[in-house]
Amino acid sequence: MISIITPVYNGEKFIESCLQVVIDQNCLEVEHIIVDGGSSDKTVDILKDKANQYSHIRWISEKDKGQSDAMNKGIAMAQGEIIGVLNVDDFYEINVLNRICEIFPTLSEPSLIIGNCNICTLEGKLIFINKAKPLRTIDLLLERRINDDGIIDSSFPLNPSAYFYHKSLHQQIGLYKVEEHYAMDVDFLLRAVCSSHVKYFNETWGNFRYYPGTKTFDDSATGSSLARIEKLFNDYIKTLSLMERWQIWLARNINFTFLKIFYFSKHPERLSESIKQRLTKQDLRKK
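Being a predicted model, the structure only gives us computed values, none of them experimental.

1. What to know about the overall build of the chain
Phase 1 of the analysis: Regarding its fold elements, the chain presents 11 helices and 11 strands.
Phase 2 of the analysis: Within the chain, buried positions represent 47% of all 287 residues.
Phase 3 of the analysis: Restricting to contacts in the chain with at least 6 residues of sequence separation, those with at least 24 account for 75%.

2. As for the packing of helix H1 (residues 15-23) against helix H2 (residues 43-53)
Phase 1 of the analysis: Their axes nearest at 9 Å, the elements H1 and H2 cross at an angle of 30 degrees. Of the possible angle classes, the one that applies to H1 and H2 is roughly parallel. The hand of the H1/H2 crossing is right-handed. Of the residues in H2, those touching H1 at Ile15, Glu16, Leu19 and Gln20 are Thr43, Ile46, Leu47 and Lys50.

3. Some words on the pairing of strand S3 (residues 57-61)
Phase 1 of the analysis: Bridge count between strand S2 (residues 30-36) and S3: 5 bridges; the pairing is parallel. Across the sheet, residue Val35 finds its bridge partner in S3, namely Ile60.
Phase 2 of the analysis: Once the chain exits S2 it traverses H2 before rejoining the sheet at S3, and the crossover so formed is right-handed.

4. Let's talk about the packing of aromatic side chains
Phase 1 of the analysis: Applying the stated criterion to the full structure yields 9 aromatic pairs.
Phase 2 of the analysis: Among the aromatic residues, those joined into a cluster by ring pairs are Tyr92, Phe164, Phe201 and Trp205.
Phase 3 of the analysis: Lys215 extends its terminal NZ or CZ atom over the ring of Tyr182, reaching a point 5.6 Å from the ring centre.

5. Quick word on the nonpolar core
Phase 1 of the analysis: By size, the foremost hydrophobic cluster in this structure holds 36 residues, and its most contacted members are Leu112, Tyr165, Tyr176, Val186, Phe188 and Leu190.
Phase 2 of the analysis: For this core, the elements supplying multiple residues, two or more each, are S2, helix H3 (67-77), strand S4 (82-85), strand S6 (111-120), strand S10 (163-166), helix H6 (169-173), helix H7 (184-195) and helix H9 (224-237).
Phase 3 of the analysis: Residue contributions to this core peak at 7 residues, all from H7.
Phase 4 of the analysis: Ranked by size, the runner-up nonpolar core spans 31 residues in total, among them Ile2, Phe14, Phe201 and Tyr211.

Scoring rules and cut-offs
- Residues numbered from 1 in each chain as written.
- Predicted model: local features only at pLDDT ≥ 70, side-chain atom pairs only at ≥ 80, totals over all residues.
- Heavy atoms only, no water.
- Helix = DSSP H or I, 4+ residues; strand = E, 2+ residues; numbered from the N terminus.
- Buried < 20%, exposed > 50% of the residue type's maximum accessible area, 1.4 Å probe, protein only.
- Contact = heavy atoms within 4.5 Å.
- Axes fitted to C-alpha atoms, helices over the stretch in contact; angles between N-to-C directions.
- Parallel < 35°, antiparallel > 145°, perpendicular 65-115°, else oblique.
- Left-handed = near helix turned anticlockwise from the far one by under 90°.
- Pairing = 2+ DSSP bridges.
- Right-handed = clockwise from strand over helix to strand, strands pointing away.
- Phe/Tyr/Trp six-rings, centres within 6.5 Å; stacked < 30°, edge-to-face > 60°.
- Lys NZ or Arg CZ within 6 Å of the ring centre and 35° of its normal.
- Core = buried A, V, L, I, M, F, W, Y, C linked by side-chain atoms within 4.5 Å.

Geometric descriptors of this kind do not, in isolation, establish any biological role.
Structural data, given as structure tokens:
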């Protein structure tokens, strides 16, 4: 069975469509656990109504310590051996959950599987497709790469609607950190990749709505997310072996040099005057 966990607080705008997304999957082996943080809007009324119609919907409503705490409560309630997290304003592609049910019996335990994720606006306009590969720890810590089109892209899985894992993984790595309110997914993935069988599927499974007014968007817009994630990465790197830390340092410096070369080859007019003079002197010497 798959347990889909949705943390929510005052989410009346999206909660009904979120519930319907899982209903429309037509998956017989699913339970949808909604952990409400004591909403003051109509969220609970909608939950009650839908839960009376569909037996796979289970929910609680009580004050919590934030999103991580809500997800941990959902994990404690989960009866399935597979966990998926669906934020209230995100959604799955058609027939994803049945596909997940096909895949997991073939995997070793614990496994973490990751597909592609559409990053889109509130209206559903595609911004880009997040393809999270490769999935070694060093690749996740490097965070960014240049794709085949020369575009700087993220190799980090950006949204939980595109990954699923064995519930037993939490026995090895622990639960989501309650004190982490923004980068709980990043922290979870860094720990999960080291302790599970990770497999990437070049299939689009999730859709992540990225728009103003959400915690993720506003945190990125202010620049706070970059500093927060960089600190998280640096703290995690300190736990690695000296050899692993050396590999990351070397790769980061090579990538940074390559990025500079690529950028200035496209924008030579932005080279500083000192660099231009140096290049000119070198050319004169050759002559």
